[in-house]
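Structural overview
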Amino acid sequence: MAETKAVEVCVKAATGAPNVLGDCKFCHRVILTLEVKKVPYKLHIINFVDKPQWFLEVSPEGKVPLIKFDDKWIAESDGPYVNGEKISAVDLSLAPKPYHIEIPLEHFKGWKIPENLIHLHNYLKLVFSLETFEKTKAEKKYVIARWKPRIEA
Ligand SMILES: N[C@@H](CCC(=O)N[C@@H](CS)C(=O)NCC(=O)O)C(=O)O
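Residues numbered from 1 in each chain as written. Predicted model: local features only at pLDDT ≥ 70, side-chain atom pairs only at ≥ 80, totals over all residues.

The chain carries the name glutathione transferase in an unreviewed UniProt entry, which gives Cinchona calisaya as its organism. In the Sequence similarities (unreviewed entry) part of its UniProt record, the chain is described as follows: "Belongs to the GST superfamily. DHAR family." (UniProt positions renumbered as here; feature names shortened; annotations may be inferred.)

Shown next, in the form of structure tokens:
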């Protein structure tokens with residue numbers, strides 16, 4: 001049987017405390033996932049003030065998180081969805097909620113998602129325009145009709 005190599009993860013050190021786990025939300029996600037899935041791993045806390053040479057060799061951009069599977073270091077990739085490049089169950093759970101909240105709030109309360117929340121607007125534009133979302137959403141007028149008796153009661 002092939003030997004399973006240990007998983008290793010590079011994360012950011014805390015500001016002012018180079019041996020303590022720091023505040024990086026991307027790193028937090030990776031190690032939280034490993035903990036929840038009970039995957040053993042070796043943690044490397046990277047001091048950003050003085051990044052070690054071996055780290056810069058495996059992460060030319062000098063970014064964390066970095067995870068090593070089967071002896072290969074992989075950087076997390078960005079993407080338009082919550083989990084990166086591909087739509088996932090997280091987006092499918094999340095996307096209907098703002099759709100059903102935004103319509104009645106705007107109609108009955110004149111409330112809109114603030115313009116300056118650019119990333120949120122871009123995300124919602126993306127998911128709301130998916131053919132599958134279009135196909136499965138209730139029409140705006142029916143979302144309003146459902147809330148009308150509750151709000152005007
Ligand atoms: N998820 C993205 C972003 C990762 C990211 O931006 N990490 C920050 C830390 S929170 C970083 O390593 N920045 C490099 C630096 O500040 O030197 C990726 O992995 O491509």
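1. Structural notes on the environment of asparagine 83
Along the chain, asparagine 83 turns up in the loop between strand 5 (72–75) and helix 3 (89–94). The class of asparagine 83 is partly exposed, set by 13 C-beta atoms lying within 10 Å. Measuring from C-alpha to C-alpha, the distance between asparagine 83 and arginine 29 comes to 9.9 Å, with 54 residues separating the pair along the chain. Residues contacting asparagine 83, with those up to four places away along its chain left out, are Ser88 and Val90. (Helix = DSSP H or I, 4+ residues; strand = E, 2+ residues; numbered from the N terminus. Buried ≥ 20, exposed ≤ 12 C-beta atoms within 10 Å, placed from the backbone. Contact = placed C-beta atoms within 7 Å.)

2. Examining helix 1 (residues 25–36)
A rise of 1.5 Å per residue sets the reference length of helix 1, with its twelve residues, at 16 Å; its end C-alpha atoms lie 16 Å apart and thus fit the reference within 8%. Downstream of helix 1 by a residue or two, lysine 38 has a phi angle that is positive, lying close to 55°. (Expected span 1.5 Å × (residues − 1).)

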